[in-house]
Each structure stands twice: as structure tokens, then as C-alpha cells.
Amino acid sequence: MLRIKGGKVYDPVHGQAGVVRDVCIADGRIVENVSGGRVIDARGMVVLPGGVDIHTHIAGAAINFAREMIPEDHRRAVALVRTPARRAGIGGVAPSTFATGYMYASMGWTTIFEAAVPVLTAKHTHEELHDTPIVDKGCYLLIGNNEIVLDLLEAEDYERARHVVAWLLWAAKAYGLKAVNPGGVAAWKWGQNVRGLFEPVPGYQRVTPARIITALAQIAEDLRLPHPLHLHCNQLGLPGNFATTLETMKILEGRRAHLAHLQFHAYGGDDWTTFRSEAPRIAEYLNDHPNLTADAGAVLFGDTVTVTADGPWQYLLYRLTGHKWGNMDIENETGCGIVPYAYRQRNLVNAVQWAVGLELLLLVRDPWRIFLTTDHPNGGAFWRYPEVIRLLMDADYRRERLKALPPKALSRISLPDIDREYSLSEIVIITSAGPARALGLSHKGHLGVGADADIVIYDEDPDPGRMFARPRYVIKGGEVVVEDGEVRQTVLGREFVVRPNYDEAIEAFLQPLFEHYYTVSFANYPVELERVHPVEVRSLGE
Amino acid sequence: MGGKPACTLGEVKNRADLIIYWGGNPAECHPRHFTRYTLTPKGKFTPNGRKDRTMVLVDIRETPSTRAADVFLQVRPGRDFEVLTALRALIKGQPVDPDRLASTGLTLDQLRDLAERMKRARFGVIFFGMGLTMTRGKYMNSSAVLTLAAELNAFTKFIAMPMRGHGNVTGADTVLRWTTGYPFGVCFNRGYPRYNPGEFSTIDLLVRGDVDAVLVVGADPAATMPQPAIEHLKRVPTIVLDPKVSTTMRIARVGILTAATGISAGGTVYRMDEVPIPLRPALRSPYPTDEEVLRRIRQTLAARSSG
């Protein structure tokens, strides 16, 4: 039992902004009242629900490939020396798994979602998620380039595609569906990409990116998934891609979808020299369409490593930069590319990217529909979130930072004209309450009775960057895991998995195809439920 | 710089029409490779199996794998780097001096033919073995072959993968990477992981006598390592866990027989392409598993240090 006494509570779900009250905890949940137990004197402190990261790359074959590619970053990274409370590890832009759990928790984030998992290597992902302590977690299944699904869409057999998707989702022990450059990664298997939303994917007559997107968004709705289709749009990173992003939002026609790392999809211009922000047009569309949510995928200047299933984009980035290039195509399902990258303040394109992330966060009016991410590690490492928070809360600081951009960049962005400053409540929404709602996690993101006792307590500080970087206490599932920014004890987080309904007979359809296309046996393909622990399975009704 | 253009083996099965083995003898060392993944299987886009594929073998001598090859290129020992570099030039249309190729044992025509096959392929793959990675040039050879494959992507789809073998070496590498960031040669003596091949890799530590105890799990270093390393294994307390009495176990202070993984112990093995495969034991063993022995050692040590 635990009582957090006298802190200023920010709980937007319950309309509380700085209400001084006690928060009581028993058995890992928030309760009305407790008598006895530890008391944390939180006077002069702010009390918030723990952070929820809706899109990050922290576990599985792709990020582990990135770790392999960047020993030079590990060497300059923060080293985590072992203590009685925690294991050793390394930080940096692709931290080791244990370090990832400690670093998220030390910042006050208590729930995180790995955004890209193939079924074929999902066992590996779950092993890494298990080794990512403290935080609760889940993962999204990569489905937008699954050739068995694409072949069914080619045959216009939507019904069977839905059963196959449901079967695959459960096979992967995932929480949601993710589509990355739909059709484009399948084309990359022959070294190609897709053009536009309405041209057929190479190798198909009828299947277009548009068809894949609408079918998967519909399947997510039909299966009643708690989180809608999680969509990495086509043409990521390219000048002028905002048009594709707008088209994508239009073809959804009211179906729910979450647009991942929207910053990378909001560019104008015809080439790299005319590159510009089109964030206002993207934000305007989003403002008018409540079926859509998005995360920012904000960019911060400095070194990082890019990790994505978008194989053709990563090849282009390798050709553009001449940096190291890792590629891993996963049979019949998806791809993966790794390129180390540095965002430079003096580079026109990078400066525009930096502004676009902030513009989206500031121009989307409803904080319940845009969430703070850096698409870790693509736009910057997750442990740099406090830097973004400061930029959102402090317009003077933003103006100061704008002075360091190349003068040419200022005419390509609208950030200099934006005066909005986030309130602390709005920060809580974009970092916790909003993503929890978009994920359908009703017990996260708030401090009402019955919620998971995932709570972060900060010393109030006029500099929000400093405040968010070092919580005074972090409580996970009712246990005090961090004090004064240091991990004091390690708890195991649990994994969220959904079990959708599907016709069991779909296995009889899948098995012969599988044996023809794959190189592992059908029985060895699904992730065994015992491998995922502790786990919370949500069965979805018909 | 190059990188690592790779794929899972099913992509090769379904798509590859040009298979190149370089510095390896898969017929004997990876006997299922031809039939499960590369040559004979009929894949999604290779409906005729072997007929849809061309196999090239580059090696220093004829081996049982030669018989499977459509093209055999016999390179002089230690000259792989030169051949790879010449191929990189040829695919870009740069001039190559035929006289300077003489030392490689291959002719310009042979290399031109190979470069053309590579560029014409729909989906090409190079599997490279220890004949490339552990001979003159070592990691420079690996870098050259990976760069060649990366650069070929300007013309067609091309992949390069190491022919890793021997038990679950890929699994050890994978787990070490997610726990420490590094694949091997990791030192914890400062309380956090540090990596430096040559300093912290096993043979170097043993030869220099830097370690005062050794725990060997599922490996047989005394059968393969240089003599000074073996001498050090004999000098210090060496503990070996193995399903059989290995060469190392014979010279060890302590040997513990364990259940054979994949036969009488379960677990997960990572295939050479890093695809995890669950193992289900078919038989029961009278011996404990490696995991159980290690857990009991750790528990005993923890009890002693707290008591």
C-alpha cells in the first residue's frame, strides 16, 4: 500500500489539472483510500500518469541488427554499470534491452509498444520484450506486405484474408496490425518500389497500395482490434510525399487508422533543393477527420540510427549518404533496413524535418489525436523526449533555436509563425492519456480508481526539459521503481496480446501454402503462448 | 561503405536464380543447404527448382560441392580479396589489368563472365564461408564481399550471407547483442559491457593468460584453438558442460555431462539467417540441461555470497 500525499495531480481524463490531492495505491492499482503503508510526501511536486509510447523500435531482429551495425555508438554511449537493483547494459541510440527498460522507466514512461514485428521472427521479439524490464509492452504485426494476404486480395477474397490476418496476429502474439509502405516492401524483394497509391504492386494485377490500406483498415475494424491499423504510409522521407499522405487519409473514408511518424510524411517540394514543410495541410486534414490519430516521429539534431521495415527507402538513404547499410528481407512477409544517420542543424533538409515534427504537434489542435514520439531511434533516441517537451512548452526557447537554422530553411517552414505553447495537461495527453486511449488501454493513462498504478512524480521545475528528464519517483504497478532518477528495484512488466476470432479451418488453407513458401515447418511458426510471460491476453468477441 | 545486405533463407528458396558459394564446402559442412534452401527446392518464383538456378562455386580446391556447381572458379589460396576487388571494378565498368589478375589464378574472361551473370541475375546471393573469412585478409575479405553485394543492388537484387555453422553460434551472438549491444568479445570487468575483438576475444584472453578460470558451454576449444590457448586451459580451473566427453573435457578440471540440446533438451536455436526455431526434445536424458546446471551454479554462488 502506498499514499502519494499532497502532490499537484494532472489527470486530463478526469479533468484534473494541478488539483492537490492524495493518490492511493493497493495491489498495483489506484484505489479510493488506504490506511497504513508507505507515504510519499509529494508536496511541491507534480503527479502524472506514467508515459505511454505508442511507437518505438526496441525489441526484435531489426533493432538487434541496428545494435550490431553501430559499435561506434555503443562506445560513446552512457554505460549502465550493474548495481544490486539492475543489470549492466549500454545506452546510446540503440540501447541493450535491459538498459531500454531502465531508461524508459527512469524518464517516467511505463508502457511501450514495439512497432514492427514479422511473425517469422516474433519469437525473438518476445524474448527481447521479456528482457526489457519494468515497462508494460506490446507489439504490432507487420502485415502490409504479407504475400499470402496480398495474393488473397488479388483474388478478391476479403473474407479469407480477414481470417488469415487474424490467425497471423494470434500466431505472432501481437497487439495490433501494422502496415509499412504497403506493397512497396513486397516490391523491394525484386529491388523495386511502388509508385503512388493506385498503380498495381509489381507482380500483381489488381493489388494496389490503396487496396491494401483500405482492406487492412477494414480488417482491423471487423476484428474489433483495440488499436486501429497502424500505418506507415508510402513514400516515406521523399520530397512532395504529403500528397500521398493526404490521398491515404482520404481513401480511408472514415475508417479508423493511426498514422505513424507523420513527420516523415509531410514534405513538399519537388526534390531535395526545393524540400519544404507541408505540415499545415496535413494537420488541417487531420483536424477535420476524427477517425485518424497520429504520432509525431519528431526529429532531433544529432547522431542516430534509422531502423525500418521500409527496405526500399533505406536503400535510397544508403545511396544518398554513403553510410553503412543493413538489409534483412523476411520471406513472404516484410523487409528491414538499417542506416546510421546524423541530423544536422545546418542541413536544409534536416532543419525542415526538425520543424515539421514540431509543427505537426503544434498545429494539430486536438492533443488527443497526436502523440509524442521520435519513432525511436529514427528521428532521435527515446530518452530525448524531454527536449521535445521543452520545445513544445516554451515558444521563446523555440524562437531561440530557430536562429541556428540555415536562413534558407525559415522560408520553407511555418514554425516561426506559431506561438502556441503546450500546457502541462496537454503534455500529459500527448505522452500518456492520448496514446493509452488510442491503444484501447482503459487502465492506462489516467489516475482514476481502478487504473494501473503507473505514476510519475516530478519536482516542479520552470524548465520542463529538466523536469521530465529526471523524475523524483516512478511507480510501476504500485511499486516504487525509480527514486531521484535512479532505478531502485526492477519489476517485470507484462505483455498485452489480443486474440481475435478466426475460423479454425483457415489452417487447412494456410498449411499447404506455407509449406510451399516457407523454410520452417508450420508447427514451428506460431509463437507459443508460454514464451510470452507475464502476459495479459484480451480475447475479442465476434 | 558496404554494409550487410541479407535475407532469410526462404527468400533464396523462392526467388534466387544465381547462387554463389565462396570459400565453403556446403555439400559436406551444411549438407541440407542445397536441398532445403538454395538449389533444388521449388519456390514461389522458382517453380522448376534446380532448372531455374545457376550455381557458382569459388574455392581454392575441388571438393564434393564442386559437382553441384554449374561454374567452378578455382582461386589461388589467399587471393580472394583481389578477386572481389576486381569484380567490384568490373560491375561498374571500370578497367581491370589482366596481368595483375594473374596471381589470383583466374582470368579476366572468367571474372567478366561472373560479373555479367551477377548483373543479369534476377535475384543473386553469395554465401561466404570460412575459406574466405578466416584466410589471408580475414575481415577485409568479409567487408569486400558484403560491399560487392551491396553495390550490385544498383543493378539487381543481391544478397550476401555468411555460412555460419556449428550449433547455436548465431543464437549466442543474437542474445549477446540484445543484452550488451555487442556480438562477441564482451568484457564485463568494469561492471558494464565493453567490446574489443583481439583484446577480449577468447583466444587472445587465453593466449595472454588474462583469465584465471574458464567456463566452456557447448564448445570444444581444445580441439580447434592454438596450442598456447590450450595450455592455459590446462593451467587454470576449466569447467566444461557438454553432452559428450569432448577434447576440452578431457583436459578440464571439472566436466559435467548435460542433455543434448535438440535431442533431449528443449530451447531455441537461431538459424544462420537469425530465424528462431523452437527445439522440442524427442528423448529423455539422464543428464540435466545446460540451463539447469548453470542456474544451480548461480544459485549456489548467490547463497554463498549472501551467507
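The model shown is predicted, which means the values in this text are computed figures rather than measured ones.

(A) Summary view of the overall build of chain A. Secondary structure assignment for chain A yields 18 helices and 26 strands. Rg of the C-alpha trace for chain A: 22 Å, near the compact-globule value of 24 Å for 542 residues, within the 12% margin. Across its three principal directions, the C-alpha atoms of chain A cover 65 × 55 × 45 Å. Going through the 542 residues of chain A one by one, you find that 61% of them count as buried.

(B) Molecular detail of the overall build of chain B. In terms of helices and strands, chain B carries 14 helices and 13 strands. Overall, the C-alpha framework of chain B stretches about 70 × 40 × 35 Å when taken along its three principal axes. Sorting the 307 residues of chain B into buried and exposed places 39% on the buried side. Nonlocal contacts in chain B, meaning residues at least 24 apart in sequence, comprise 57% of its contacts between residues at least 6 apart.

(C) Molecular detail of the nonpolar core. Among the nonpolar cores identified, the biggest contains 240 residues, and L141, L216 and L360 of chain A together with V145 of chain B are the most heavily contacted of them. Ranked by residue count, the leading element in this core is helix α12 (residues 348–363) of chain A, at 11 residues. Contact partners of L216 of chain A, with chain neighbours within four places excluded, come to I143, G144, L177, A179 and L229 of chain A. Formed by 9 residues, the second largest nonpolar core is a distinct cluster that contains L206, L233, M249 and A252 of chain B.

(D) Region of the structure containing the interface of chain A and chain B. Taken together, the contacts link 44 residues of chain A with 39 residues of chain B. Elements with a minimum of two residues in the side of chain A that touches chain B: α1 (61–69), α2 (71–76), β7 (79–80), α3 (97–107), α4 (122–130), α11 (311–321), β18 (325–329) and α18 (506–517) of chain A. Sort the elements by how many residues they give to the side of chain A that touches chain B and β18 of chain A lands first, with 5 residues. Grouping the constituent residues of the side of chain A that touches chain B by class yields 18 nonpolar, 15 polar and 11 charged. Inspection of the sheet shows β18 of chain A paired to strand β1 (residues 3–7) of chain B by 5 bridges, in the parallel sense. Paired with N327 of chain A across the two strands is P5 of chain B, which belongs to β1 of chain B.

(E) Looking closely at unusual backbone geometry. Residues and elements named next belong to chain A. At the junction of H376 and P377, the peptide bond is cis and its omega measures out at -5° in the coordinates. Within the secondary structure, P377 is located in the loop between β20 (370–371) and α13 (385–393). With an omega of -10°, the peptide bond between H533 and P534 qualifies as cis. Positive phi, close to 55°, is recorded for R224, a residue that is not glycine. Tracing the sequence through the fold places R224 in the loop between α8 (209–222) and β12 (229–232). C-beta crowding within 10 Å serves as the criterion here: with 13 such atoms nearby, R224 is assigned to the partly exposed category. Positive phi values are uncommon outside glycine, yet D375 reaches one of about 50°.

(F) Representation of the domain arrangement of chain B within the structure. Domain annotation of chain B identifies domain 1 (9–162) and domain 2 (169–306). Here the C-alpha centroids of domain 1 of chain B and domain 2 of chain B sit 33 Å apart.

(G) Looking closely at helix α16 (residues 424–438) of chain A. Residues and elements named next belong to chain A. In a regular helix each residue adds 1.5 Å, so 15 residues correspond to 21 Å; α16 covers 20 Å between its end C-alpha atoms and thus fits that length. The largest bend in α16 comes to about 50°, at I430. With 14 of its 15 residues buried, α16 lies for the most part within the structure. After α16 finishes, the residue G440 shows a positive phi value of roughly 70°.

(H) How the structure looks around the sheet that holds strand β10 (residues 238–242) of chain B. All names here are of chain B. The parallel open sheet is built from 3 strands, whose spatial order is β9-β10-β11. Among the strands making up the open sheet, the edge pair consists of β9 (214–217) and β11 (254–257). With strand direction ignored, the average angle separating the axes of adjacent strands in the sheet is 10°. Taken together, the 4 bridges between β9 and β10 define a ladder with parallel strand orientation.

(I) Geometry of the environment of L197 of chain A. Residues and elements named next belong to chain A. If you trace the backbone, L197 turns up in the loop between α7 (184–188) and α8. Once the C-alpha coordinates of L197 and I282 are considered, the two residues, 85 residues apart in sequence, prove to be 17 Å apart. L197 has contacts with T208, P209, A210, N234, T244, E247, T248 and I251, leaving out every residue within four places of it along the chain.

(J) Broad picture of the sheet that holds β1 of chain B. Read from one edge to the other, the open sheet built from 4 strands follows the order β17(A)-β19(A)-β18(A)-β1(B), with strand pairing classed as mixed. Only two strands of the sheet have a single partner each, and these edge strands are β17 (302–308) of chain A together with β1 of chain B. Strand-to-strand twist of the sheet, defined as the mean angle between neighbouring strand axes without regard to direction, takes the value 20°. Inspection of the sheet shows β18 of chain A paired to strand β19 (residues 337–343) of chain A by 2 bridges, in the antiparallel sense. Paired with N327 of chain A across the strands is G337 of chain A, a residue of β19 of chain A.

(K) Quick look at the environment of I251 of chain A. Residue and element names in this part refer to chain A. Within the secondary structure, I251 sits in helix α9 (residues 242–251). Note on I251: 17 C-beta atoms within 10 Å, which makes it partly exposed. Each C-alpha atom of the pair I251 and V474 lies 42 Å from the other, and the pair is 223 residues apart in sequence. With near-sequence residues (within four places) excluded, I251 lies in contact with L197, A210, I213 and T214.

(L) Representation of helix α9 (residues 169–180) of chain B. Relative to the 16 Å expected for 12 residues at 1.5 Å per residue, α9 of chain B spans 16 Å between its end C-alpha atoms, a close match to the ideal helical length. All buried positions along α9 of chain B are accounted for by T170, T174, V175, R177, W178, T179 and T180 of chain B. As for α9 of chain B, its buried residues are in contact with α1, β8 (89–90), α3 and α4 of chain A together with β7 (186–187) and β12 (267–270) of chain B. Among the residues trailing α9 of chain B, G181 of chain B stands out with phi positive, at a value near 95°.

(M) Here's a closer look at the packing of helix α10 (residues 279–288) of chain A against α12 of chain A. Residues and elements named next belong to chain A. Packing of α10 against α12 leaves a shortest axis separation of 9 Å and a crossing angle of 30°. With respect to α12, the element α10 is oriented roughly parallel. Regarding α10 and α12, the two cross each other, and that crossing is right-handed. Of the residues in α12, those touching α10 at A279, P280, I282 and A283 are V356, E359, L360 and L363.

(N) Seen up close, the pairing of strand β21 (residues 455–459) of chain A. Residues and elements named next belong to chain A. Of all the 5 residues making up β21, 4 are buried; the element is thus mostly covered by neighbouring parts of the structure. Pairing of β21 with strand β22 (residues 473–476), which is carried by 3 bridges, proceeds in the antiparallel orientation. Each residue of the ladder has a partner; that of I455, found in β22, is I475.

(O) Local environment of the packing of helix α4 (residues 80–91) of chain B against helix α6 (residues 108–120) of chain B. Residue and element names in this part refer to chain B. Here α4 crosses α6 at 60°, and the two axes come no closer than 9 Å. Of the possible angle classes, the one that applies to α4 and α6 is oblique. Of the two elements, α4 crosses α6, and the hand of that crossing is right-handed. Across the interface between the two elements, V83, A86, L87, L90 and I91 from α4 touch L111, R112, L114, A115, M118 and K119 from α6. The residue inventory of the contact of α4 with α6, partitioned by class, reads 9 nonpolar, no polar and 2 charged.

(P) Examining the environment of M249 of chain B more closely. Residues and elements named next belong to chain B. Relative to the helices and strands, M249 is located in helix α13 (residues 247–251). A count of 20 C-beta atoms within 10 Å places M249 in the buried class. Once the C-alpha coordinates of M249 and L101 are considered, the two residues, 148 residues apart in sequence, prove to be 47 Å apart. With residues up to four places along the chain from it excluded, the contact list for M249 reads V240, D242 and G255.

Criteria and thresholds
Residues numbered from 1 in each chain as written. Chains lettered and ligands numbered in written order. Predicted model: local features only at pLDDT ≥ 70, side-chain atom pairs only at ≥ 80, totals over all residues. Helix = DSSP H or I, 4+ residues; strand = E, 2+ residues; numbered from the N terminus. Rg over C-alpha atoms; globule rule 2.2 N^0.38 Å. Buried ≥ 20, exposed ≤ 12 C-beta atoms within 10 Å, placed from the backbone. Contact = placed C-beta atoms within 7 Å. Core = buried A, V, L, I, M, F, W, Y, C linked by C-beta atoms within 7 Å. Nonpolar A, V, L, I, M, F, W, Y, C, P; charged D, E, K, R; others polar. Pairing = 2+ DSSP bridges. Domains from an automatic or database assignment. Expected span 1.5 Å × (residues − 1). Bend = angle between axes of the 7 residues up to and from the residue. Axes fitted to C-alpha atoms, helices over the stretch in contact; angles between N-to-C directions. Parallel < 35°, antiparallel > 145°, perpendicular 65-115°, else oblique. Left-handed = near helix turned anticlockwise from the far one by under 90°.

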